[in-house]
Amino acid sequence: MIVETWGKTDVGKHRLTNEDCLYVDSEGRLILVLDGMGGHRAGEVASRLAMETISEFYGRHVKSTDVDLDLFDNYDDSFTFHANLLRQAAYKANRTVVEKSQEREEFVGMGSTLTGVAIHDFTASMINVGDSRMYLIRDGTIEQISKDHTLAEDQIERGIMSREEARESQLRHILSSVIGVDSRVRVHMDELTVFPGDIFLLCTDGLNAVMEDHEILEEVMRSKPGPDVLERLIQIVNDRGSPDNTTLALSVLFEENEEE
Amino acid sequence: MFKLILKFQDTVIEEYEFHSTPVTIGRRDDNNVVIDNMAVSGHHAVIEQEDPNFYVLVDLESLNGTFVNETKIARQRIFDGDALIVGKHTLSFIDLRPVEERPIKQDSVPEGVAGGPQFRDTVILDTKAQQELLAKHAGERGISPEQLAEKPKKVDLYGSVTIISGGTPEIIDLTKRLTTIGKSSDSDIRCSGLLVGKTAALINKRPNGYFLAYAEGLKKPEVNGESVTTQVQLHDGDEITVGSTRMTFNLREEIS
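Chemist: Even after reading the chapter, I still don't get the overall build of chain A, so can you show me in this structure?
Modeler: Of the regular secondary structure elements, chain A holds 7 helices and 12 strands. Taking the principal axes of its C-alpha atoms as reference, chain A extends roughly 60 × 50 × 40 Å. A burial count over chain A gives 59% of its 260 residues as buried. Long-range pairs, those at least 24 residues apart, make up 69% of the contacts in chain A between residues at least 6 apart in sequence. Of the roughly 10900 Å² of accessible surface on chain A, 45% is carried by carbon and sulfur atoms. Distance from the positive charge centre (26 side chains) to the negative charge centre (50 side chains) of chain A: 4 Å.

Chemist: What is the right way to look at the pairing of strand β5 (residues 45–50) of chain B in this model?
Modeler: Along a regular strand, successive side chains alternate from one face of the sheet to the other. Residue and element names in this part refer to chain B. Judged from the 3 bridges that link them, strand β3 (residues 23–26) and β5 form a sheet pairing that is antiparallel. Along β5, the bridge assignment pairs Ile-25 with Ala-45. Pairing analysis gives 6 bridges linking β5 to strand β6 (residues 54–59), with the strands arranged antiparallel. Along β6, the bridge assignment pairs Val-46 with Val-58. Connecting β5 to the antiparallel partner β6 that follows it, the hairpin turn spans 3 residues.

Chemist: Please explain the packing of aromatic side chains as it appears in this structure.
Modeler: One pair of aromatic rings is described through two measures. These are the centre distance and the angle between the planes. Residue and element names in this part refer to chain B. On inspection of all chains with the given rule, the structure shows 9 aromatic pairs over all chains. Aromatic pair Tyr-16 and Phe-18: ring centres 6.0 Å apart, planes at 10°, arrangement stacked. A centroid spacing of 6.3 Å and a plane angle of 90° characterise the contact between Phe-54 and Phe-79, whose relative ring orientation is edge-to-face. Linking Phe-54 in strand β6 with Phe-79 in the loop between β9 (75–78) and β10 (83–86), this pair joins segments that are 25 residues apart in sequence. Across this residue pair, the class does not change: Phe-54 and Phe-79 are buried. Here a set of aromatic residues connected by ring pairs shows up, and it is made of Phe-2, Tyr-16, Phe-18, Tyr-55 and Phe-93. The positively charged end of Arg-77 is found above the aromatic ring belonging to Phe-54, 3.7 Å away from the centroid.

Chemist: Can you help me understand the pattern of salt bridges in this one?
Modeler: For side chains of opposite charge, pairing can occur when their charged atoms come near one another. Under the definition given, this model contains 32 salt bridges over all chains. Here Glu-143 of chain A and Arg-206 of chain B are joined by a salt bridge, their closest N and O atoms 3.1 Å apart. Here Arg-206 of chain B lies in strand β17 (residues 201–206) and Glu-143 of chain A lies in strand β8 (residues 141–144), a pairing that spans two chains. Its relative accessible area of 35% is what places Glu-143 of chain A among the partly exposed residues. Since its relative accessible area comes to 8%, Arg-206 of chain B is described here as buried. Through salt bridges that share partners, Glu-143 and Asp-190 of chain A together with Arg-177 and Arg-206 of chain B make up one connected network.

Chemist: Sorry, what's going on with the state of the cysteines here?
Modeler: Structurally, a disulfide amounts to a covalent bond that connects the sulfur atoms of two cysteines. Residues and elements named next belong to chain A. Taken as a whole and assessed by the stated rule, the structure comprises 0 disulfides over all chains. This cysteine, Cys-21, is not joined by any disulfide, and Cys-203 carries the nearest cysteine sulfur, 16 Å off. On the basis of relative accessible area, Cys-21 is assigned to the buried category, the value being 10%.

Chemist: Before we go on, may I ask you to explain the sheet that holds strand β18 (residues 209–214) of chain B in this structure?
Modeler: Each strand in a sheet pairs with another by means of backbone hydrogen bonds, the pair being arranged parallel or else antiparallel. Residues and elements named next belong to chain B. If you trace the 5 strands from one edge of the open sheet to the other, you get β16-β15-β17-β18-β21, paired in mixed fashion. For this open sheet the edge positions go to β16 (189–190) and β21 (231–233), each flanked by a neighbour on one side alone. Both β17 and β18 contribute to a ladder of 6 bridges, which runs antiparallel. For Leu-202, the partnering residue across the bridge sits in β18 and is Ala-213.

Chemist: Which parts of the structure should I look at to understand the environment of Lys-219 of chain B?
Modeler: Residues and elements named next belong to chain B. Here Lys-219 lies in the loop between β18 and β19 (222–223). Look at Lys-219 and you get partly exposed, because its relative accessible area is 35%. Considered as a pair, Lys-219 and Glu-70 are 149 residues apart in the sequence and their alpha carbons are 63 Å apart. In this structure Lys-219 touches Leu-194, Leu-195, Val-196, Tyr-214 and Gly-243, once residues within four positions along its chain are discounted.

Analysis parameters
- Residues numbered from 1 in each chain as written.
- Chains lettered and ligands numbered in written order.
- Predicted model: local features only at pLDDT ≥ 70, side-chain atom pairs only at ≥ 80, totals over all residues.
- Heavy atoms only, no water.
- Helix = DSSP H or I, 4+ residues; strand = E, 2+ residues; numbered from the N terminus.
- Buried < 20%, exposed > 50% of the residue type's maximum accessible area, 1.4 Å probe, protein only.
- Contact = heavy atoms within 4.5 Å.
- Areas by Shrake-Rupley, 256 points an atom, 1.4 Å probe, with all protein chains shown as cover.
- Lys, Arg positive; Asp, Glu negative; His and termini not counted.
- Charge placed at Lys NZ, Arg CZ, Asp CG, Glu CD.
- Pairing = 2+ DSSP bridges.
- Phe/Tyr/Trp six-rings, centres within 6.5 Å; stacked < 30°, edge-to-face > 60°.
- Lys NZ or Arg CZ within 6 Å of the ring centre and 35° of its normal.
- Salt bridge = Lys/Arg side-chain N within 4 Å of Asp/Glu carboxyl O.
- Disulfide = S-S within 2.5 Å.

Right, here's the structure in full:
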C-alpha cells in the first residue's frame, strides 16, 4: 500500500509561540504530532526533543530483522515489533526530556504530548501520550483510535462521569500522562488492519478545543484528501478563535498500482 | 490603585499596594509579586489596565494556569473582592479607588466565541495532585474513596480459532492484536492452497470484537461461505476458509 501524508501547523490567535511539532518520514510511513507545554519556549524544547528522539530511535531500529530484546524495557508479544518499537521510542523520549528538564530552571516542568502512527504490512501501529489525538476515517465514519490521557477520561472509565459531562468538565484539561514530567509514563498502544481509502488524521488539541468529531468528519469528506482539507480545518479553527496552536497530519492509503 | 493580599491556605503571607501597572506575578525575583513555589511559573501572570477603568489579569501561558474565583482564565477583567489563584497561592484583589471610579462587575462573557468553548489551556499535575483532585471530584458526586479505588468492570474478549482441515489440527488463541493467516512461514496461522497470498488475511482484535480482513493474494478469505473483500466482524462459531484450510472461530467474553 502507498501512503501519502500532508501536514500543517498554525500558531493560532492567542499564542505568541508554536510549541507543537510535526514529523513525517520520507516515505510518509511514520507520522508524529506533538504538543509541547511549559513557559518561555520550554514547550518547544520538550516537543522537539521528544520528536527527534522518537524518529531517530524508530528509524534506526525499524529495519533490523532480528528482534533485539535488550532494546526493550518490556516487550509486549500481543503487539507487532513496530508497535513495541514505537512505545520504546516514547519511553526513551520520556527519559531524555526528563533529564533535559533538570538542566535549567526554565525547563522545569516542561513536557509534551504525543500521537504517532507507523504504517507497515497492512497494519497501522499507533501510540499516544496525553490528549493529542488520532482518528481513523473509513467508509464515511470517524473513530478516535487514540485514548485521551486526561483526568476526565479517567473519571469516565471509573463510571463517575458520562462522556457528555466530560466534554464540559475542567478535568478534560488536566493530563494524566505526559512525556518528560515523570520517570514513568503511560503509553496507549493500538493496532489495526488498514485498507486502501483509509484516512488517518493526527491532531493536537487546538483542533478539538473548537471542533466536534462529526464536524471534523464533515470537513474531511468535503473534498478529496489533500492539503486543501488541512487549510480548511485551520481556517475553521482560526474563525472560532484558535485559542491554542494547532497541528494536523493527514494520511491517505492507496492501493499499489500492480500494472507493470 | 489596588491592593493584593497574598495567602497560602488562609494564612496571610504578604500585602502589596500598587499605584501603577503592569504588576507582574511569578516565581522569579524580577516580578513585582514573587511567590517562591514550584507550582508557580517564572513569569506566571500580569495585571494590566484596560480602558476606561478596568484592571485585567493576564495569564502568561503558565504551566499550571491562572484562576479567578476558581475559573481558569487567559485574560480576564478583575473586580474588588476577586480571588486570583496562582499555583497553590491566592491573591485577594482589593480595588482601592473610590467606589464611583470603579467599574461595575457584570457577568463576564467567556473568552473566545460567544457560546462556544471557553479559552483553554492544558495543565500537568503530579500524580498525587491528580489523585487528590479525582477523589475530590468523586466525593462531590457522593462516591467514596473505597468505591473510587475499585477497578472499573470491563469485558475481556478471548477469541480462538480451531483448524478443522487443510492444516495441523490445533487451537490457536487470538491473544495478539493482529494474527496473520497465509502462506508465509512468518504467518501465525499457516495456510495452503492455490493463489493464497503470503499474508492472505489478518484477524484484528479491537475493543469491540474481532475482525477478519483480506490482505493480499488472488484467493480471498471466506467467512461462512461469503468472500471477504475488506473486513467483517467475527462471531462465535463462524467458519473461516482460506485456500484449502478451514477453521472455526470461537469467542468467549469474561467480565473482570
